[in-house]
Amino acid sequence: MNILTHRPRRNRKSSAIRNLVQENEVTVNDFIFPLFLIDGKNKKTEVKSMPGIFRLSTDLMLKEIESCLKLGITTFDIFPSLTDKFKDKTATESTNKNGLYLKTLTLIKKKFPEACIMTDVAMDPYSSDGHDGLVRNGEIVNDETLDILAKMAIAQAECGIDIIGPSDMMDGRVGFIRNALDDAGFSNVSIMSYTAKYASAFYGPFRDALDSAPKFGDKKTYQMNPANSKEAILEAQLDFEEGADFLMVKPALSYLDIIKDLNTHFSLPIAAYNVSGEYAMVKAAAAKGWIDGDRVRDEILLSMKRAGASIILTYFAKEWALKHKN
Ligand code: PBG
């Protein structure tokens, strides 16, 4: 006589059945691939702490986008890596139409109108202080920063880009940028808000890539405290009311609970940013032979989907697409 009514293992007994009952799946449609842009021609420099990830000059970036489109990756988040001479207190370079970033964005959209291009709105790549907002007497001032961010967003929208990504964590910026975009005739440009962006040590390799580490202090007066989750709900409420189209959680892996919370409470799509430090850890352990990098990568990405993200920004996008090519 069998005393077990339920034997969950029956639903795991073969690959066919495991596939039938599988709840979540990662596909190439989920990805946004972050790319780093540098000045020059035919230039490609590897980010030391991110093996396999390169800063690319415009010509090589166009080639990279073309090859990714062929693999089914449709969406790219472009970050500029600028030398110090392009940085000042007010991020002037961020609206320079003849500057590297805006010129390249225009070119990308001209060459690949079908590519969905996301841009970053924050002052840090252009700021001599290395902060996301305007610094006055050692303080990151909120409301004056909003003007700069809105001008930056409009300048990017004028290049034809599709999604604005405010990553600065100033209060009220989503609504402010939304109004500015609408007034300038860009009501079709989307906003993917960095909604719950934590003050995290996982951004280290990204700051190496852009040479954008803060010149003093840290980002704790604007990015969130890793100890908090209610605050994420508040940020999401505000972004929702201010007109965000997507809500992002960043980093992803240590914040899966936040992804789940936001997905439960809000009807907007949730994006997870699988950040630079998360990528670096997998690469470093895999290089030592301590983990199976491919399997760990796939498991990590899947965990973000399971938590409730429908979009994943990840440096793994291209290698995943190559590995899973049919
Ligand atoms: C800057 C910005 C950061 C990242 C995306 N936009 C770094 C920071 O806030 O210091 C991090 C991305 C990553 O680590 O992969 N506003």
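For the structure, see preceding data.
Calculation criteria
Residues numbered from 1 in each chain as written. Predicted model: local features only at pLDDT ≥ 70, side-chain atom pairs only at ≥ 80, totals over all residues. Heavy atoms only, no water. Helix = DSSP H or I, 4+ residues; strand = E, 2+ residues; numbered from the N terminus. Rg over C-alpha atoms; globule rule 2.2 N^0.38 Å. Buried < 20%, exposed > 50% of the residue type's maximum accessible area, 1.4 Å probe, protein only. Contact = heavy atoms within 4.5 Å. Areas by Shrake-Rupley, 256 points an atom, 1.4 Å probe, with all protein chains shown as cover. Lys, Arg positive; Asp, Glu negative; His and termini not counted. Charge placed at Lys NZ, Arg CZ, Asp CG, Glu CD. Core = buried A, V, L, I, M, F, W, Y, C linked by side-chain atoms within 4.5 Å. 1 Å grid on protein atoms, 1.4 Å probe; cavity = no way out; pocket = protein on both sides within 12 Å on 5 of 7 lines; lining within 4 Å. Points joined across faces, edges and corners; volume = space filled by probe spheres on them. Phe/Tyr/Trp six-rings, centres within 6.5 Å; stacked < 30°, edge-to-face > 60°. Lys NZ or Arg CZ within 6 Å of the ring centre and 35° of its normal. Near = heavy atom within 4 Å. Polar contact = N/O pair within 3.5 Å; in protein donor to acceptor, adjacent residues only side chain to side chain. Sits in = over half its atoms within 2 Å of the grid points. Nonpolar A, V, L, I, M, F, W, Y, C, P; charged D, E, K, R; others polar.

Engineer: Looking at this model, I keep getting lost on the overall build of the protein. Mind explaining?
Structural biologist: The number of helices and strands found in the protein is eleven helices and twelve strands. Against the 2.2 N^0.38 benchmark of 20 Å for 326 residues, the protein shows a C-alpha radius of gyration of 20 Å, consistent with a compact globule. Of all 326 residues assigned to the protein, the portion counted as buried reaches 53%. Pairs at least 24 residues apart make up 74% of the contacts formed inside the protein by residues separated by at least 6 positions. Carbon and sulfur atoms make up 51% of the accessible area of the protein, which totals about 15,500 Å². Across the protein, 42 positive and 44 negative side-chain charges occur, with their mean positions spaced 9 Å apart.

Engineer: Before we go on, may I ask you to explain the nonpolar core in this structure?
Structural biologist: One finds Phe 36, Phe 76, Ile 78, Leu 181 and Met 192 to be the most contacted residues of the largest nonpolar core, which totals 107 residues. If one sorts the elements of this core by residue count, helix α4 (residues 142-157) sits on top with nine residues. When sequence neighbours within four positions are dropped, the list of residues in contact with Met 192 reads Ile 32, Met 118, Ile 163, Ile 164, Gly 165, Pro 166, Phe 246, Met 248, Ala 271, Ile 311 and Leu 313.

Engineer: I keep staring at unusual backbone geometry and nothing clicks. Help me out?
Structural biologist: Trans is the common state for peptide bonds, and a negative phi is the common state for residues other than glycine. In this structure, the amide linkage connecting Lys 250 to the following residue, Pro 251, adopts the cis form with an omega of -10°. Inspection of the secondary structure assignment puts Pro 251 in the loop between β10 (246-250) and α8 (256-265). The phi angle at Met 169 is positive, at roughly 65°, despite the residue not being glycine. Residue position: Met 169 is located in the loop between β8 (163-166) and α5 (173-183).

Engineer: Explain the side chain of Asp 129 to me, please; I cannot follow it from the model alone.
Structural biologist: Structurally, Asp 129 can be placed in the loop between β5 (116-121) and β6 (134-136). In this structure Asp 129 touches Lys 89, Val 135, Pro 214, Lys 215 and Phe 216, once residues within four positions along its chain are discounted.

Engineer: How should empty space enclosed by the protein be read in this particular structure?
Structural biologist: Sizing a probe to match a water molecule and rolling it over the atoms shows the empty space that remains. The final tally for this structure, using the stated rule, is one cavity of 30 Å³ or more. Each pocket or cavity is described by its volume, and for the largest cavity that value is around 140 Å³. Taken together, 18 residues form the lining of the largest cavity, with Asp 124, Lys 197, Tyr 203, Phe 206 and Lys 250 sitting closest to its centre. Mapped by element, the contributors of at least two residues to the lining of the largest cavity are β9 (190-197) and α6 (204-210).

Engineer: Help me out: how do you make sense of the packing of aromatic side chains in this one?
Structural biologist: Two measures describe an aromatic ring pair: the distance that separates the ring centres and the angle between the ring planes. A full pass over the atoms with the stated rule returns eleven aromatic pairs. Consider the rings of Tyr 198 and Tyr 255, whose centres lie 4.2 Å apart with planes at 20°: the pair is stacked. Of the two residues, Tyr 198 sits in the loop between β9 and α6 while Tyr 255 sits in the loop between β10 and α8, which places them 57 residues apart along the sequence. This pair shows no difference in class: Tyr 198 is buried, exactly as Tyr 255 is. An aromatic cluster of three or more residues is present, and its members are Phe 36, Phe 79, Tyr 194, Phe 206, Tyr 273, Tyr 279, Tyr 315 and Phe 316. The lysine or arginine in question, Lys 197, covers the ring of Tyr 203, its NZ or CZ lying 5.5 Å from the ring centre. One residue, Lys 250, lies across the ring of Phe 206, its end atom 5.9 Å from the ring centre.

Engineer: In this structure, what is going on with the site of the ligand? I would like to understand it.
Structural biologist: As a matter of local geometry, the ligand sits amid 18 residues, with Lys 197, Arg 207, Lys 250, Ser 276 and Tyr 315 nearest to it. Interatomic distance of 2.6 Å between a side-chain N/O atom of Arg 207 and an oxygen atom of the ligand. Here Gln 223 contributes a side-chain N or O atom positioned 2.9 Å from an oxygen atom of the ligand. The site holding the ligand turns out to be the largest cavity. Looking at the shell around the ligand residue by residue, the class counts come to eight nonpolar, three polar and seven charged.

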